[in-house]
Amino acid sequence: MSDPVEIRGFRLWRGLLDRPAQEALVDALRQVAAAAPFYTPVTPGGRQMSVRMTSAGRLGWVTDRRGYRYEPRHPSGAVWPPIPPAVLALWHGLTGLERAPDCCLVNFYGEGARMGLHQDRDEGDFSYPVLSVSLGDEALFRVGGVETPAPTESFWLKSGDVLVMGGAARLAWHGVDRVRHGSSTLLPQGGRINLTCRVVQGA
Ligand code: SIN
Ligand code: MN
């Protein structure tokens, strides 16, 4: 495995997953989505997000009029399916942690979807990193500071790239400006999937 590049304290492994590994992961995620279908989340302010979401693991990240939080069940009432073993292997291999993540949030970016700058701060213990896997179309990812979003810089995340947001950068602002629709052939209809693994409750 090659060394990661460091950008604002994030560690980025470019092209860590080869095409067969990406395809296997997409297959595993189809099973996740069969048990816990993608849905359109609504912000506490009542706005529909452009990204569609689901989760795997003990807990899933949800948002609706009641706020941002983790829940043990999909909005349908079903428990979330297990995190695919290949995702857990990446988590343990890159973070060096024995502790498994509680949540693997699965985001789907169709044409025109984006995600505004935000911090991941709904977890109970920021000493654990967030691991992010990109699949499918390329995304312009923007990262800012920890105290303030500005100044920011951006770079493209491609299919098979894996990013670890941890240490002093764990609470860095980040978001997705845009996705280059149709830039990858991984997903037959185009689009981008991003996975983020999180420890929600420490210890
Ligand atoms: C996120 O911050 O939840 C998603 C990041 C990404 O899509 O790369
Ligand atoms: Mn995030």
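The model shown is predicted, which means the values in this text are computed figures rather than measured ones.

J.: Go over the overall build of the protein chain, please, and point to the residues and values.
T.: Counting its regular elements, the protein chain contains two helices and 13 strands. For the protein chain, the C-alpha radius of gyration of 16 Å lies close to 17 Å, the compact-globule estimate for 203 residues. With respect to the principal axes defined by its C-alpha atoms, the protein chain has extents near 40 × 40 × 35 Å. Across the 203 residues that make up the protein chain, the buried fraction comes to 51%. Across the protein chain, every contact between residues at least 6 apart in sequence was considered, and the portion connecting residues at least 24 apart equals 72%. Summed over its atoms, the accessible surface of the protein chain is roughly 9300 Å², and 52% of this surface lies on carbon and sulfur atoms. A distance of 5 Å separates the average location of the 22 positive side-chain charges in the protein chain from that of its 20 negative side-chain charges.

J.: Explain unusual backbone geometry to me, and be specific about the residues and the numbers.
T.: Residue alanine 150 is joined to proline 151 through a cis peptide bond whose omega torsion reads -5°. By the secondary structure assignment, proline 151 is in the loop between strand 9 (139–143) and strand 10 (153–157). We note that arginine 8 has phi near 55°; this positive angle belongs to a residue other than glycine. Among the structural elements, arginine 8 can be located in the loop between strand 1 (5–7) and strand 2 (10–13). Exposure remark for arginine 8: the relative accessible area of 33% places this residue in the partly exposed category.

J.: I'd like a rundown of the sheet that holds strand 7 (residues 115–118), residues and numbers included.
T.: Backbone-to-backbone hydrogen bonds join strands into a sheet, with any given pair of strands oriented parallel or antiparallel. Strand order in the open sheet made by the four strands is 7-12-9-10, with antiparallel pairing throughout. Each of the sheet's edge strands pairs with one partner strand only, and the pair in question is strand 7 and strand 10. Here the strands of the sheet are splayed against their neighbours by 25° on average, with no regard to which way each runs. Alignment of strand 9 against strand 10, held across five bridges, turns out to be antiparallel. Looking across to strand 10, one finds that phenylalanine 141 is bridged to phenylalanine 155.

J.: So what's going on with the site of ligand 1? Which residues, and what values?
T.: Neighbouring ligand 1 are the residues Asn107, Tyr109, Met115, His118, Phe141, His174, Val176, Arg192, Asn194 and Arg198. Within the side chain of tyrosine 109, one N or O atom sits 2.5 Å away from an oxygen atom of ligand 1. Taking histidine 118, its side chain carries an N or O atom lying 3.1 Å from an oxygen atom of ligand 1. In isolation ligand 1 exposes 260 Å². Once the protein is present, 98% of that is buried. With respect to the pocket detection grid, ligand 1 is positioned in the largest pocket.

Procedures and definitions
- Position numbers for residues start from 1 in each chain and track the written sequence from start to end.
- Chains and ligands are labelled by the order in which they are written, letters from A for the one and numbers from 1 for the other.
- Side-chain atom pairs in this predicted model are given and counted only at pLDDT of 80 or more, local residue features only at pLDDT of at least 70, and totals for whole chains, interfaces and linings cover all residues.
- For the side-chain quantities, the full set of heavy atoms in the structure was used; hydrogens and water were omitted.
- Secondary structure follows DSSP: runs of H or I at least 4 residues long count as helices, runs of E at least 2 residues long count as strands, and numbering of each begins at the N terminus.
- When we talk radius of gyration, it's over C-alpha atoms, and the globule rule is simply 2.2 Å times the number of residues to the 0.38.
- Burial classes follow relative accessibility: with a 1.4 Å probe on protein chains only, a residue under 20% of its type's maximum area counts as buried, one over 50% as exposed, and anything between as partly exposed.
- By definition, residues are in contact when any of their heavy atoms lie within 4.5 Å.
- Using the Shrake-Rupley algorithm and a 1.4 Å probe, accessible areas are obtained, with residue cover drawn only from the displayed protein chains.
- Charged residues are defined here as Lys and Arg on the positive side and Asp and Glu on the negative side; His and the ends of the chain fall outside this count.
- Charge positions come from single atoms, namely NZ of Lys, CZ of Arg, CG of Asp or CD of Glu.
- We call two strands paired when DSSP finds no fewer than two bridges between them.
- To define axes, lines are fitted to C-alpha atoms, for helices over the stretch in contact only, and angles between the resulting N-to-C directions are given on a 0 to 180 degree scale.
- Residues are labelled near a given molecule or strand when at least one of their non-hydrogen atoms is within 4 Å of it.
- For this analysis, a polar contact is any N or O atom pair within 3.5 Å, provided that within protein one partner can donate a hydrogen and the other can accept it, and provided that sequence-adjacent residues contribute only side-chain to side-chain pairs.
- Put plainly, a pocket is an open set of points on a 1 Å grid over the protein atoms alone with protein on both sides within 12 Å along at least five of seven lines, a cavity is a set where a 1.4 Å probe fits but cannot get out, and a lining residue has an atom within 4 Å of a point.
- Molecule-in-pocket calls rest on the fraction of atoms, with more than half required to lie within 2 Å of the cavity or pocket grid points.

None of this, on its own, says anything about what the molecule does.
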